[in-house]
Amino acid sequence: MRVLLLFFFLFTWMPSVFPVSHVIPDDLISDIHINKKIHVNNPDSQEAAFNLAMSYAYTGHIRQGWAILKELDKTYAHEVVEYYEPILQIDQSNWKTPFKLAFGYYFIDRKDDAMEMFSLSRERNKNNVWILGFLALVKGDMGQVDDAIYLCHEALKLEPNAAAIHMLLGEGYRKKGQYFKFLKHIMIAGRLETASVLSD
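Not measured: the values here are computed from a predicted model.

About the cut-offs
- Residues numbered from 1 in each chain as written.
- Predicted model: local features only at pLDDT ≥ 70, side-chain atom pairs only at ≥ 80, totals over all residues.
- Heavy atoms only, no water.
- Helix = DSSP H or I, 4+ residues; strand = E, 2+ residues; numbered from the N terminus.
- Expected span 1.5 Å × (residues − 1).
- Buried < 20%, exposed > 50% of the residue type's maximum accessible area, 1.4 Å probe, protein only.
- Polar contact = N/O pair within 3.5 Å; in protein donor to acceptor, adjacent residues only side chain to side chain.
- Axes fitted to C-alpha atoms, helices over the stretch in contact; angles between N-to-C directions.
- Parallel < 35°, antiparallel > 145°, perpendicular 65-115°, else oblique.
- Left-handed = near helix turned anticlockwise from the far one by under 90°.
- Contact = heavy atoms within 4.5 Å.
- Bend = angle between axes of the 7 residues up to and from the residue.
- pLDDT = per-residue confidence, 0-100.
- Core = buried A, V, L, I, M, F, W, Y, C linked by side-chain atoms within 4.5 Å.
- Phe/Tyr/Trp six-rings, centres within 6.5 Å; stacked < 30°, edge-to-face > 60°.

A. Expanded view of helix α8 (residues 129-141). Helix length check: α8 (13 residues) gives 19 Å between terminal C-alpha atoms against 18 Å at 1.5 Å per residue, within 8%. Most of α8 sits out of view: 12 of its 13 residues are buried. Inspection of α8 places Val 129, Trp 130, Ile 131, Leu 132, Gly 133, Phe 134, Leu 135, Ala 136, Leu 137, Val 138, Lys 139 and Gly 140 among the buried residues, and these make up the whole buried set. Capping the start of α8 is the job of one residue whose side-chain oxygen sits 2.9 Å from the backbone nitrogen of Trp 130: Asn 128. Just past α8, the residue Gly 143 takes up positive phi, approximately 90°.

B. Main features of unusual backbone geometry. One non-glycine residue, Asp 109, adopts positive backbone phi at about 65°. You can see Asp 109 is positioned in the loop between α6 (96-106) and α7 (111-124).

C. Broad picture of the packing of α6 against α7. In contact at an axis separation of 8 Å, α6 and α7 are set at 165° when each is read in the N-to-C sense. By the criterion of interaxial angle, the relationship of α6 to α7 is roughly antiparallel. When the axes of α6 and α7 are compared, the crossing they make is left-handed. For the pair formed by α6 and α7, the contact residues are Pro 98, Phe 99, Leu 101, Ala 102, Phe 103, Tyr 105 and Tyr 106 on the first element and Lys 111, Asp 113, Ala 114, Met 117, Phe 118, Leu 120, Ser 121 and Arg 124 on the second.

D. Quick look at helix α5 (residues 76-90). For α5, which comprises 15 residues, the first-to-last C-alpha distance of 22 Å matches the rise-based estimate of 21 Å (1.5 Å per residue) to within 8%. The largest bend in α5 is about 25°, located at Tyr 84, with the proline Pro 86 one to four residues further on. Taken together, the buried positions of α5 are occupied by Tyr 76, Ala 77, Val 80, Val 81, Tyr 84 and Leu 88. Residues of α5 that are buried make contact with α3 (46-57), α6 and α7.

E. Structural context of the confidence of the model for the protein chain. Chain-level pLDDT for the protein chain is 87 on average; 86% of the residues reach the 70-or-more range. The low-confidence segment residues 10-20, where pLDDT is below 50, has 22 contacts with residues more than four positions distant or belonging to other chains.

F. The side chain of Asp 31, seen in detail. Along the chain, Asp 31 falls in helix α2 (residues 26-41). Ignoring sequence-local partners within four residues, the contact set of Asp 31 consists of Ser 55, Tyr 58 and Lys 96.

G. Geometry of the nonpolar core. Counting 58 residues, the largest nonpolar core has Phe 50, Met 54, Phe 99 and Phe 103 as its most contacted members. For this core, the leading source of residues is α8, giving 9 residues. Aside from chain neighbours lying at most four places away, what touches Phe 50 is Leu 69, Leu 72, Tyr 76, Val 80, Tyr 84, Lys 100 and Phe 103. In terms of nonpolar packing, the next biggest core, distinct from the first, is built from 5 residues, Ala 163, Met 167, Ile 188 and Leu 192 among them.

H. Highlighting the packing of aromatic side chains. A full pass over the atoms with the stated rule returns 14 aromatic pairs. Ring centres of Phe 99 and Phe 134 lie 6.0 Å apart, and the angle between their planes is 80°; on these two criteria the pair is classed as edge-to-face. Taken together, the residues span a long stretch of sequence, with Phe 99 in helix α6 and Phe 134 in helix α8 at a distance of 35 residues. Residue classification places Phe 134 among the buried residues on the basis of a relative accessible area of 3%. Between the aromatic rings of Phe 103 and Phe 118, the centroid separation amounts to 5.7 Å while the plane-to-plane angle is 80°, which identifies the pairing as edge-to-face. With Phe 103 in helix α6 and Phe 118 in helix α7, this pair connects stretches of sequence that are 15 residues apart. As far as the burial class goes, Phe 103 and Phe 118 line up, both buried. Members of the aromatic cluster, connected to one another through ring pairs, are Tyr 58, Trp 66, Trp 95, Phe 99, Phe 103, Tyr 106, Phe 107, Phe 118 and Phe 134.

Structural data, given as structure tokens:
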């Protein structure tokens, strides 16, 4: 399907002994708990599942988020777009609205629109490392590898322990044929995961 997206999630698709190693703000942790409860109480709701997946995505719980997203109906992305486009026009400050809309656009192959929405989300929340990560992923998916590498470096300035970003950066360097840098960031990601396991 979408190779870069799958690669971004690859190392988090390993056994769930790997915990998240980066810092997550309390309000976003609360989002996960709230959306998880809603999802448990409404197991057949596509909306509840999507919102939980988004909570995981913007907190770096990539494996959990992807596991939910891949179970959604393939047509649900269109519903996401139809639902969030009007909200975007009304709400001029919430960073989560363009973040969610970006995913809707991405999965219906409107990648330019997805980049625009991730960029808008970034303007509204400059401290969330995962917005940069997903923006880098889309740019890499569209062949803009240099831009993707730059965004990964910007993300790592915010959160040096974001193992998934190191993996994505390593993939960018692999595509550029810079294999030493590729191995460097793959090894950093591995060390971060190992440290997470030992500290769990």
